[in-house]
Amino acid sequence: MRGLIGEDILTEEGEFIINMGPQHPSTHGVLHLKIWLDGETVKRIQPNLGYIHRSIEKMSESLSYRNFIFATSRMDYLAAHVNNEACALTVEKGLQLEVPQRAKVIRTILSELTRLQSHQLWWGCTGLDLGGVTPFFYAFREREAIMEIFEETCGARLTQNYMVPGGIMYDVHPNFQKRVKDVMIQIKGKFEEYDNIMTGNVILENRLKGVGYLSKEDALSYGVTGPTARASGLSCDLRKSNPYSAYDQVQFDEILDTGGDCYARYMVRMREMRQSVSIIEQLIDNIPEGDFQAKTKNVIKLPKGEFYQRVETPRGELGVFIVSDGAASPYRIKYRSPGFSNLSALPIMAKGGKIGDLVAIMATIDLVIPDIDR
Amino acid sequence: MSTEELKNSITAILPSSTFDETGEFLNVVITSEELLPLMNTLRTKSEFDFDFLFCLTCIDWKDHLMMVYHLLSKTHQHTLVIKAKIADRNNAQIETVCNIWRTAEFHEREVFDLFGVKFINHPDLRRLFLSDDWVGHPLRKDYTDENMISL
Amino acid sequence: MEGKLTFPGQIHETTDGGILVTKLDDVINWARSNSLWPLVFGTSCCAIEMMSAADAKYDWSRFGFEVARATPRQADLIIVAGTIVMKMAPVLKRLYDQMPDPKYVIAMGACTISGGPFFYNTYSVVKGVDHVIPVDVYIPGCPPRPEALLHSMITLQEKIKHEQYFKKKIEEIR
């Protein structure tokens, strides 16, 4: 908002400049877009970030290797388990620590539950953005069931901090298996309902088909990852290509689409939810007995060097880059967040489209702003 | 390409580069002036074909800054880390790579904002996260701020 | 709940209707407290719990908060859900200024109370939203549960019910 006072809202070419955000319901947070319009056609978009830049990277430099993980649950709060797992994996890589099999399987189950609830929230919010309030209530009904599992497992609904270097913080609740199975049965029954209410809806198809095209080459060049890139035909599922935790023990498909438009992105996420259910069902009966945490020293010190770990969050590739100088806290941490690169492709996706389509495009990229700003 | 082949091919292009194999990926350390020609070769030459810049960042080593580029080739599935040393901290500058990988545009703006590295020929070099009137570059080790309360 | 929703005052039945004896403050507070329109303002994690409070399980419309507005000009309650950073602070102030009086503020979560987990060694976080706008109710938690948000909103209703706007005005005139 600042810097706009006194600026002409009409350019010399007759383009009209409007500001969307930072307080706007469809930006899913505090994203600010400066949009150049010709009538209703978007000519140019300039994302303006930093309205929730919380200096997590600077803060982590003064925290120990056990403590810095908490901040990542607040970074992408819809995928806290996956973020924590990424950090834990990076520290384990530095320590060359072998995680017990039980912890690996539980981590994978929780990561997939996270993906499921994140996609459900995305589905509800997409409905909300496109003018339908009902999907929001339908999505939250199942999401709450997953939140209850999280709460029973680690005591928190949203910011879990359950993954620690060496494994998981505590063993799972005795109810865990039964509860997850019950929820999976519940969710599987609801997919048809989701499809009936949204996927086959003619309004939705009209709003999404052929809108916000992203080519495979652009996706690669802009570093777009996750379902957004897979909808453009770019194979980038790290669970397949660089398997971590227990992903090498399960069978699942990498969902690819070639449409490249909003509808393809929508369909990829809808199909991914089914894959997540399948992964959880394969693992839930096969949680091995044993330790849930490997032994680590009280004060973790990573050897001198650089460690990089890539994981697949619901939004794409999260990279954790730790530079260690041998001390008890990281020398430098860089989070390569998926939303950051995905957002950089928004200007080319929305260019030439209508301003109303911009909302649909933002909804299907699935932006989480604190993840972008860090 | 295997690590050994990558090393040989890069030595053939840039004999002055040094290698570091202690980590997970092969690291190539070069000076900031050598960056752009090398990057162009890595992207365009079909034997390298590094088409995905998956991370771009900077490290402040107190006496110098180090730009770090993580590269991946989707076709060959090999990974490479390029490190460009910027010796002059006070007037840090390096060529932009955003004409090669578009994703670098945002990442370089982030580095400019938080480390104060100027990217030559960058199309839109402004602060990304902080407001335009912010003083200093917070991720530098010598950054001080009266609002920062240390533990 | 029954007692809270009943109309404040006495109704005296007469042959052609009735006479109401009450205090102006009580009637206005009764109306205000039961029709709070929150502004949809979420910056980070707490916003998701705010959405959860709106969903079918927690359902804040039971208490009359469901008319969430996207523009500050139609809202009289701002729930600051999430961290406020230096760049966002002027925006928050402007949003607050755009809201019509009387207006109320709920600070949701540790970040809005003191900076919370981002208190130490951060350069961009505002350490407490009360540096920017006045706060009526604080809810601790990171993030607070939806029940805590509902509790804070009911607490705010209680607070509004005890406001004495007209009484103070009359005392000023005297």
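Residues numbered from 1 in each chain as written. Chains lettered and ligands numbered in written order. Predicted model: local features only at pLDDT ≥ 70, side-chain atom pairs only at ≥ 80, totals over all residues.

## A closer look at the interface of chain C and chain A
Right, on to step 1. Each partner contributes to the interface: chain C provides 31 residues, whereas chain A provides 29 residues.
Right, on to step 2. Taken together, the elements giving at least two residues each to the side of chain C that touches chain A come down to helix 3 (45-54) and helix 4 (89-98) of chain C.
Right, on to step 3. Classifying every residue of the side of chain C that touches chain A by side-chain character gives 17 nonpolar, 8 polar and 6 charged. (Contact = placed C-beta atoms within 7 Å. Helix = DSSP H or I, 4+ residues; strand = E, 2+ residues; numbered from the N terminus. Nonpolar A, V, L, I, M, F, W, Y, C, P; charged D, E, K, R; others polar.)

## Some remarks on the confidence of the model for chain C
Right, on to step 1. Taken residue by residue, chain C gives an average pLDDT of 86. The fraction at 70 or more is 97%.
Right, on to step 2. Predicted complex metrics record ipTM = 0.89 and pTM = 0.89. (pLDDT = per-residue confidence, 0-100.)

## Thoughts on the environment of Ser-215 of chain A
Right, on to step 1. Secondary-structure assignment places Ser-215 of chain A in the loop between helix 7 (202-208) and helix 8 (216-221).
Right, on to step 2. Separated by 44 residues in sequence, Ser-215 of chain A and Gly-259 of chain A have C-alpha atoms that sit 8.8 Å apart.

## Details of helix 3 (residues 80-95) of chain A
All names here are of chain A.
Right, on to step 1. With 16 residues, helix 3 should cover 22 Å at 1.5 Å per step; its first-to-last C-alpha distance of 23 Å lies within 8% of that length.
Right, on to step 2. Of all the 16 residues making up helix 3, 15 are buried; the element is thus mostly covered by neighbouring parts of the structure.
Right, on to step 3. Directly beyond the C-terminal end of helix 3, a positive phi value near 55° is found at Gln-96. (Expected span 1.5 Å × (residues − 1). Buried ≥ 20, exposed ≤ 12 C-beta atoms within 10 Å, placed from the backbone.)

## Remarks on the pairing of strand 2 (residues 32-38) of chain A
All names here are of chain A.
Right, on to step 1. Looking at chain direction, strand 1 (residues 16-20) and strand 2 are connected through 5 bridges and run antiparallel. Pairing of Ile-17 across the sheet is with Trp-36, part of strand 2.
Right, on to step 2. Pairing analysis gives 7 bridges linking strand 2 to strand 3 (residues 41-48), with the strands arranged antiparallel. Its bridge partner lying in strand 3, Ile-35 is registered against Ile-45.
Right, on to step 3. Adjacent in sequence and paired antiparallel, strand 2 and strand 3 are bridged by 2 residues, among which Gly-39 carries a positive phi angle near 65°. (Pairing = 2+ DSSP bridges.)

## Quick look at the sheet that holds strand 6 (residues 137-139) of chain C
Strands pair in a sheet through their backbones, by hydrogen bonds, and they do so in one of two ways: parallel or antiparallel.
Residue and element names in this part refer to chain C.
Right, on to step 1. Strand order in this open sheet of 4 strands is 3-4-5-6, and the pairing throughout is parallel. Every other strand in the sheet has two partners, leaving strand 3 (38-39) and strand 6 as the edge strands with one partner each.
Right, on to step 2. In this structure, strand 4 (residues 77-81) lies alongside strand 5 (residues 104-108), joined through 5 bridges in parallel fashion. Across the sheet, Val-80 pairs through a bridge with Ala-107, a residue of strand 5.
Right, on to step 3. Along the sheet face, helix 3 touches strand 4 and strand 5 and points at about 125° away from the line of strand 4. (Axes fitted to C-alpha atoms, helices over the stretch in contact; angles between N-to-C directions.)

## So, the packing of helix 11 (residues 262-284) of chain A against helix 14 (residues 355-365) of chain A
Helices that pack against each other are described as a pair by the angle of their axes relative to one another and the distance between those axes.
All names here are of chain A.
Right, on to step 1. Where helix 11 contacts helix 14, the axes come no closer than 9 Å and their chain directions differ by 30°. Taken together, helix 11 and helix 14 sit at an angle that is classed as roughly parallel. The two elements helix 11 and helix 14 meet at a crossing, and its hand is left-handed. On helix 14, the residues that touch Cys-262, Arg-265 and Tyr-266 of helix 11 are Ala-360, Ile-361 and Thr-364.
Right, on to step 2. Of the residues contributing to the contact of helix 11 with helix 14, the split by class is 4 nonpolar, 1 polar and 1 charged. (Parallel < 35°, antiparallel > 145°, perpendicular 65-115°, else oblique. Left-handed = near helix turned anticlockwise from the far one by under 90°.)

## Thoughts on the interface of chain B and chain C
Right, on to step 1. Taken together, the contact between chain B and chain C spans 9 residues of the former and 7 residues of the latter.
Right, on to step 2. Split into classes, the residues belonging to the side of chain B that touches chain C amount to 5 nonpolar, 3 polar and 1 charged.

## A few points about the environment of Asp-124 of chain B
Residue and element names in this part refer to chain B.
Right, on to step 1. With respect to the secondary-structure elements, Asp-124 resides in the segment after strand 7 (118-120).
Right, on to step 2. Given 11 C-beta atoms within a 10 Å radius, Asp-124 is considered exposed.
Right, on to step 3. With 16 residues separating them along the chain, Asp-124 and Glu-108 place their C-alpha atoms 9.9 Å apart.

## Here we look at the pairing of strand 8 (residues 332-336) of chain A
Right, on to step 1. The buried fraction of strand 8 of chain A amounts to 5 of the 5 residues, a majority that puts the element mostly inside the structure.
Right, on to step 2. Going residue by residue along strand 8 of chain A, you find Arg-332, Lys-334 and Arg-336 of chain A tucked away on one face and Ile-333 and Tyr-335 of chain A tucked away on the opposite face as well.

## Here's the deal with unusual backbone geometry
Right, on to step 1. Cis geometry marks the peptide bond from Asp-101 of chain C to Pro-102 of chain C, where omega comes out at -5°.
Right, on to step 2. Here Pro-102 of chain C is to be found in the loop between helix 4 and strand 5.
Right, on to step 3. With an omega of -10°, the peptide bond running from Cys-142 of chain C to Pro-143 of chain C counts as cis.
Right, on to step 4. By the secondary structure assignment, Pro-143 of chain C is in the loop between strand 6 and helix 6 (146-161).
Right, on to step 5. Despite not being glycine, Asn-161 of chain A has its phi angle at roughly 55°, a positive value.
Right, on to step 6. You can call Asn-161 of chain A buried: it has 20 C-beta atoms within 10 Å.
Right, on to step 7. We note that Asn-121 of chain C has phi near 60°; this positive angle belongs to a residue other than glycine.
Right, on to step 8. Inspection of the secondary structure assignment puts Asn-121 of chain C in the loop between helix 5 (110-114) and strand 6.

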